[in-house]
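Residue-level structure breakdown
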Amino acid sequence: ISLDNMARVHAKNGNQAEALRIFTSLSRSQVARFGPDNEACIETFGMKGVAHFKLLEFEEALECMNRVATWQAKNLVPSHPAVREVKENIKQIKRCIQGEEPMWV
């Protein structure tokens, strides 16, 4: 089983802290091996963002999602479904930071 799959299993089972720990380790390895703009690295940053969000770590979630959005702006057409999804995620994170959303997920 790959680290990515292991982290996703933890996330799916609600163990966000362990998922985040694995995604963080995986992202360091991916950045060192492939460079920070590699698509796999960006996907892992998106998964880290989701884990941070579920752990109510909104600033960290926003940082991860902004990194994904920056990559998407350079590499995907604006109408791509993933672009819309990340923009919606960023809006929700910002609402949480501003206290407009409930603090549970």
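Parameters at a glance
- Residues numbered from 1 in each chain as written.
- Predicted model: local features only at pLDDT ≥ 70, side-chain atom pairs only at ≥ 80, totals over all residues.
- Heavy atoms only, no water.
- Helix = DSSP H or I, 4+ residues; strand = E, 2+ residues; numbered from the N terminus.
- Expected span 1.5 Å × (residues − 1).
- Buried < 20%, exposed > 50% of the residue type's maximum accessible area, 1.4 Å probe, protein only.
- Contact = heavy atoms within 4.5 Å.
- Axes fitted to C-alpha atoms, helices over the stretch in contact; angles between N-to-C directions.
- Parallel < 35°, antiparallel > 145°, perpendicular 65-115°, else oblique.
- Left-handed = near helix turned anticlockwise from the far one by under 90°.
- Nonpolar A, V, L, I, M, F, W, Y, C, P; charged D, E, K, R; others polar.
- Core = buried A, V, L, I, M, F, W, Y, C linked by side-chain atoms within 4.5 Å.

Taking 1.5 Å per residue, 19 residues should reach 27 Å; helix α2 (residues 16-34) reaches 25 Å between its end C-alpha atoms and fits that length. Listing the buried residues of α2 in full gives Gln16, Ala19, Leu20, Ile22, Phe23, Thr24, Leu26, Ser27 and Gln30. If you follow the buried residues of α2, they end up packed against α1 (3-12) and α3 (39-54). Residue Gly35 follows α2 closely and has a positive phi angle near 95°.

Turning our attention to the packing of helix α4 (residues 58-75) against helix α5 (residues 81-97). For the pair α4 and α5, the least separation of the axes is 10 Å and the interaxial angle reads 155°. With respect to α5, the element α4 is oriented roughly antiparallel. As for the relative orientation of α4 and α5, their crossing is left-handed in sense. Contacts between α4 and α5 pair Phe58, Glu59, Ala61, Leu62, Met65, Asn66, Val68, Ala69 and Gln72 from the former with Ala82, Val83, Val86, Asn89, Ile90, Ile93, Lys94, Cys96 and Ile97 from the latter. A per-class count over the contact of α4 with α5 returns 13 nonpolar, three polar and two charged.

Attention now moves to the nonpolar core. Counting residues in hydrophobic clusters, the biggest one holds 14 residues, and the most contacted among them are Phe53, Phe58, Val68, Ile90 and Ile93. Elements with a contribution of two residues or more to this core: α3, α4 and α5. Sort the elements by how many residues they give to this core and α4 lands first, with seven residues. Ala7, Ala11, Ala19 and Ile22 belong to the second largest nonpolar core, which has five residues in total.

Taken by themselves, the reported measurements are silent on function.
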